[in-house]
Amino acid sequence: EKATLIITSDASQLVAAAAIYVRVEHLSGMITCHLMAAKSKVASKLTIPKAEMLGAVMSASLGHIVYINMGDCVNKVIFVTDSTIVLYWLLQDQRPLGVSVRNSVLEIRRLSSHGTWYHVPGVDNPADIATRPMTVAELVAPSDWLSGRPWMSQPDMYEKLQTAEQIKLSREEEVAANKEIRGGTGRGIILTVTPHRMNDRYEFSDYLIDPKSRNWESYLR
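Residues numbered from 1 in each chain as written. Predicted model: local features only at pLDDT ≥ 70, side-chain atom pairs only at ≥ 80, totals over all residues. Heavy atoms only, no water.

Caption draft 1: Summary view of helix α1 (residues 48–70). In this model, α1 (23 residues) spans 32 Å end to end at C-alpha, consistent with the 33 Å of a helix rising 1.5 Å per residue. Positive backbone phi, at 60°, marks glycine 71, one or two positions downstream of α1. (Helix = DSSP H or I, 4+ residues; strand = E, 2+ residues; numbered from the N terminus. Expected span 1.5 Å × (residues − 1).)

Caption draft 2: Representation of the sheet that holds strand β1 (residues 2–11) within the structure. Spatially, the six strands line up as an open sheet ordered β3-β2-β1-β4-β5-β6, and their pairing is mixed. Two strands bound the open sheet, and with one partner strand each, they are β3 (31–42) and β6 (162–163). Of the strand pairs in this sheet, β1 and strand β4 (residues 74–81) are connected by seven bridges, and their pairing is parallel. Paired with isoleucine 7 across the two strands is phenylalanine 79, which belongs to β4. (Pairing = 2+ DSSP bridges.)

Caption draft 3: Just unusual backbone geometry, in detail. A positive phi angle, close to 50°, is found at aspartate 206, a residue other than glycine. A residue is classified by how much of its surface remains accessible, and aspartate 206, at 63% relative accessible area, is exposed. (Buried < 20%, exposed > 50% of the residue type's maximum accessible area, 1.4 Å probe, protein only.)

Caption draft 4: Broad picture of the environment of leucine 14. Looking at where leucine 14 falls in the secondary structure, it is placed in the loop between β1 and β2 (15–25). When the C-alpha atoms of leucine 14 and alanine 43 are compared, they prove to be 5.0 Å apart, with 29 residues separating the residues in sequence. What leucine 14 contacts, discounting residues up to four positions off in sequence, is Lys41, Val42, Ala43 and Ser44. (Contact = heavy atoms within 4.5 Å.)

Caption draft 5: Looking closely at the environment of proline 142. Tracing the chain through its elements places proline 142 in the loop between α4 (136–139) and α5 (144–147). Taking the C-alpha atoms as reference points, proline 142 and threonine 32, 110 residues apart in sequence, are found 13 Å from one another.

Caption draft 6: Inspection of the nonpolar core at higher detail. Leu5, Met53, Trp89, Leu90, Val105, Ile108 and Trp117 are the most contacted members of the largest nonpolar core, which totals 34 residues. If you list the elements that add at least two residues to this core, you get β1, β2, α1, β4, α2 (84–90) and α3 (99–111). What tryptophan 89 contacts, discounting residues up to four positions off in sequence, is Pro49, Lys50, Met53, Leu97, Val101, Val105, Ala176, Ala177 and Glu180. Formed by 14 residues, the second largest nonpolar core is a distinct cluster that contains Val120, Trp145, Met152 and Met157. (Core = buried A, V, L, I, M, F, W, Y, C linked by side-chain atoms within 4.5 Å.)

Caption draft 7: Main features of the packing of aromatic side chains. Counted according to the given criterion, the structure contains two aromatic pairs. Relative to tryptophan 117, the ring of phenylalanine 79 has its centre 4.7 Å away and its plane inclined at 10°; by these criteria the two rings are stacked. Of this pair, phenylalanine 79 sits in strand β4 while tryptophan 117 sits in strand β5 (residues 117–119); the two residues are 38 residues apart in sequence, bridging distant segments of the chain. Given a relative accessible area of 1%, tryptophan 117 falls into the buried group. (Phe/Tyr/Trp six-rings, centres within 6.5 Å; stacked < 30°, edge-to-face > 60°.)

Caption draft 8: How the structure looks around the pattern of salt bridges. This structure, assessed with the given rule, holds six salt bridges. We note a salt bridge from aspartate 124 to lysine 160, for which the minimum N-O separation is 3.2 Å. Of this pair, aspartate 124 sits in the loop between β5 and α4 while lysine 160 sits in the loop between α5 and β6, and the two are 36 residues apart along the sequence. By relative accessible area, which is 13% here, aspartate 124 ends up buried. (Salt bridge = Lys/Arg side-chain N within 4 Å of Asp/Glu carboxyl O.)

Caption draft 9: Geometry of the packing of α1 against α3. Where α1 contacts α3, the axes come no closer than 9 Å and their chain directions differ by 25°. When the interaxial angle is binned, α1 and α3 end up roughly parallel. Between α1 and α3 lies a crossing whose hand is left-handed. Within the contact between the two elements, α1 uses Lys50, Met53, Ala56, Val57, Ala60, Ser61 and His64 and α3 uses Ser100, Val101, Ser104, Val105, Glu107, Ile108 and Leu111. Across the contact of α1 with α3, the residue classes tally to eight nonpolar, four polar and two charged. (Axes fitted to C-alpha atoms, helices over the stretch in contact; angles between N-to-C directions. Parallel < 35°, antiparallel > 145°, perpendicular 65-115°, else oblique. Left-handed = near helix turned anticlockwise from the far one by under 90°. Nonpolar A, V, L, I, M, F, W, Y, C, P; charged D, E, K, R; others polar.)

Caption draft 10: View of the side chain of histidine 119. Relative to the helices and strands, histidine 119 resides in strand β5. Since its relative accessible area comes to 12%, histidine 119 is described here as buried. Looking at histidine 119, its side chain comes within polar contact range of the main-chain oxygen of aspartate 82, at 3.3 Å. What histidine 119 contacts, discounting residues up to four positions off in sequence, is Thr81, Asp82, Ser83, Thr84, Leu87, Lys160, Leu161, Gln162 and Ile167. (Polar contact = N/O pair within 3.5 Å; in protein donor to acceptor, adjacent residues only side chain to side chain.)

And the structure:
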């Protein structure tokens, strides 16, 4: 059996949300998909693009925790968002981006590869459910919240998805995205991340207090 983590995120004017689904391809050929974990944060003081970025950061962080704990049970991890602007930002060099967006991009790229991020229409994004008013009756089984959207249990799952490189922004989206880019243009180079260099430095340093044992807020306190 092969397990794939499908990590989704979305946001509205009030809240950002991330949800993780486990898709399992059974030896019998049957494919099942179930909600494993979810998280949300208030985003009322953010623009929609920045709220979408907050959801993406949450999905990267939550996904990393779930992946580490599941270990060899996971065969593949993919991230899904319906925000074309977030995917656009993920492909930009860290230098021209505004500080908050740049930090978010770096955090996402630290915990995932941009090649694992995909776009899906909003109606096919299960995390969209967490950003809207819902009744309990609408969320209990059987529901798309607990089992994911139909495409997530289909053999041809990737036909529904587009890579970040395939995304084309509309004029309105491009204007919104470029507000967070210094100089007003998105012409940057691809952000390169070298995890092996970070690992080499971590192993070489032999820290007295392991910097990975706690999050940044704990060390700051």
